[in-house]
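Below are the chains, spelled out letter by letter.
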Amino acid sequence: MKNIVALLATIMLCAAPQVVARSRHDARVELGRRLFYDADLSRDGTMSCATCHEQRHGFADGNRVHPGVTDEPGRRNVPGLANVGHFSPLTWADPRQTTPERQAAVPVFGTHPVEMGMAGMQAEIPRRLGRDPCYRQMFAAAFPGRDQRPDFAKVARALASFERSLISRDAPFDRNQLSPEAIAGRSVFRRSCASCHKGPDFTDMAFHRLGRADPAAPDQGLYEATGKQADRGRIRTPSLRNVAVTAPYWHDGSALTLDDAIARHGLALAPARSRALAAFLGALTDDRFLNNPAFSLPQTACGMKL
């Protein structure tokens, strides 16, 4: 009997740190979700992460590009966020953005272009969040220890925790529930697309250029980060998860429909094969992901309505 009690005590002691870690993780996800929808992370309180990343669009946008708080036009199309926690690099053409924690500063503080417009206002974020008793409680739960005060480093970690929870793995493709046309389209995809759109998220995470480099183009892609001539116009392969709901396409949003995007690859497909390919791409839509209440605008925090 003593041996059993000792064994149970050992199991409880081993499990306790895991429970604490899980509780902290859940608290960070909850905090990150609220921050994701909070426009206080922008200069004038008009733009949150969710302003551009809408759940119904697979956390893409639905516009070619999106202006920032100063109405400066955006440069690149807003990508979806399905499974983004598994991505590296994270953006269209900057190989330095390898983690969600690091990338969070780009929309908040970036100036090329201005998005949320907080450059030079770093101290404003802890001031705004710190005056909310519920936020103070949520930061303390998410970051227990001596320093529980809101600051941007913790904001970035919480946002990253929420973004890593955005898992999309329940499309008809994942359930092997493809229509006959989608099955035919899968064959087309494997022959014509899978060399770059490979793996579980249909991206090789590499930078490619379709067509010739144009030194006069307003967006020079990877070249802007590396300065290498060979990188002009190279753009990271986008994921195709939920691609049917993330229009428009291309890094600048210039392909307005899925048919336009397919045609731009120069595949010269017969109409029936092109339709089949579109049907297969439609089978990558995860409706549960698009409607999961755990990812949507939170209605309560700290037991109170927001």
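Look a little higher up for the structure.
Residues numbered from 1 in each chain as written. Predicted model: local features only at pLDDT ≥ 70, side-chain atom pairs only at ≥ 80, totals over all residues. Heavy atoms only, no water.

1. As for the packing of helix α8 (residues 180–192) against helix α11 (residues 271–282)
Between α8 and α11, the shortest axis-to-axis distance is 7 Å and the interhelical angle comes to 100°. One element, α8, and the other, α11, form an angle in the roughly perpendicular class. Between α8, through E181, A182, A184, G185, R186, V188, F189 and R191, and α11, the contact on the second element is made entirely by R273, R275, A276, L277, A279, F280 and L281. Classifying every residue of the contact of α8 with α11 gives nine nonpolar, one polar and five charged. (Axes fitted to C-alpha atoms, helices over the stretch in contact; angles between N-to-C directions. Helix = DSSP H or I, 4+ residues; strand = E, 2+ residues; numbered from the N terminus. Parallel < 35°, antiparallel > 145°, perpendicular 65-115°, else oblique. Contact = heavy atoms within 4.5 Å. Nonpolar A, V, L, I, M, F, W, Y, C, P; charged D, E, K, R; others polar.)

2. Thoughts on the state of the cysteines
All told, the structure shown has one disulfide when counted by the stated rule. Two residues share a disulfide in this structure: C134 and C302, whose sulfurs sit 2.0 Å from each other. Its S-S torsion of about 95° marks the bond between C134 and C302 as right-handed, since a negative value means left-handed. Note that C134 is positioned in helix α6 (residues 133–142) and C302 in the loop between β3 (300–301) and β4 (304–305), a separation of 168 residues in sequence. (Disulfide = S-S within 2.5 Å.)

3. Focus: unusual backbone geometry
Omega for the peptide link from S88 to P89 comes to 5°, which places this bond in the cis form. Turning to its location among the elements, P89 is positioned in the loop between α2 (49–52) and α3 (100–103). Backbone torsion omega between A247 and P248 reads 0°, so that peptide bond is classified as cis. Mapped onto the fold, P248 is located in the loop between β2 (235–236) and α10 (258–264).

4. Digging into the nonpolar core
Counting residues in each nonpolar core, the largest one holds 43 residues, and the members touching the most others are L31, L35, F36, I125 and V155. At the level of secondary structure, the elements contributing two or more residues to this core comprise α1 (2–36), α2, α4 (105–109), α5 (124–130), α6, α7 (152–164) and α12 (287–291). In terms of residue count, α7 provides more of this core than any other element does, six residues in total. Apart from the residues within four sequence positions on either side, L31 is in contact with Y135, M138, F139, A142, F143 and A158. One finds L178, V188, V243 and L277 within the second-largest nonpolar core, a separate group that totals 19 residues. (Core = buried A, V, L, I, M, F, W, Y, C linked by side-chain atoms within 4.5 Å. Buried < 20%, exposed > 50% of the residue type's maximum accessible area, 1.4 Å probe, protein only.)

5. Regarding the packing of aromatic side chains
Aromatic rings considered in pairs are described by the distance between their centres and by the relative angle of their planes. Applying the stated criterion to the full structure yields 13 aromatic pairs. Residues F109 and F152 carry aromatic rings whose centres are separated by 4.7 Å and whose planes lie at 70° to one another, so their mutual orientation is edge-to-face. With a gap of 43 residues between them, F109 in helix α4 and F152 in helix α7 connect regions that are remote in the sequence. Judged on exposure class, the residue F109 and its partner F152 are both buried. Through a chain of ring-to-ring contacts, the aromatic side chains of F36, Y37, F59, F162, F289 and F295 assemble into a single cluster. (Phe/Tyr/Trp six-rings, centres within 6.5 Å; stacked < 30°, edge-to-face > 60°.)

6. Thoughts on the pattern of salt bridges
Under the defined criterion, the tally for this structure stands at 19 salt bridges. Its salt-bridge partner being R96, residue D94 comes within 2.8 Å of it at the nearest N-O pair. R127 serves as the salt-bridge partner of E124, at 2.6 Å between the closest nitrogen and oxygen. Taken together, the positions of E124 and R127, both in helix α5 and three residues apart, correspond to about one turn of that helix. Residue classification places R127 among the partly exposed residues on the basis of a relative accessible area of 46%. (Salt bridge = Lys/Arg side-chain N within 4 Å of Asp/Glu carboxyl O.)

7. Considering the environment of P150
As for its position among the elements, P150 is in the loop between α6 and α7. In this structure, P150 is in contact with P126, L129, G130 and F139, ignoring residues within four places of it in sequence.

8. Notes on the side chain of D170
Residue placement: D170 occurs in the loop between α7 and α8. In this structure the side chain of D170 is engaged in a polar contact, spanning 3.3 Å, whose partner is the side chain of R288. (Polar contact = N/O pair within 3.5 Å; in protein donor to acceptor, adjacent residues only side chain to side chain.)

9. Notes on α11
With 12 residues, α11 extends 16 Å from end C-alpha to end C-alpha; this agrees with the ideal 16 Å at 1.5 Å per step. Among the residues of α11, those classed as buried are S274, A276, L277, A278, F280 and L281. (Expected span 1.5 Å × (residues − 1).)

10. Let's talk about the environment of A142
Relative to the assigned elements, A142 resides in helix α6. The spatial distance from the C-alpha of A142 to the C-alpha of D26 is 7.8 Å, given a sequence separation of 116 residues. Sequence-distant contacts of A142, that is, excluding residues within four places in its chain, are made with R24, A27, R28 and L31.

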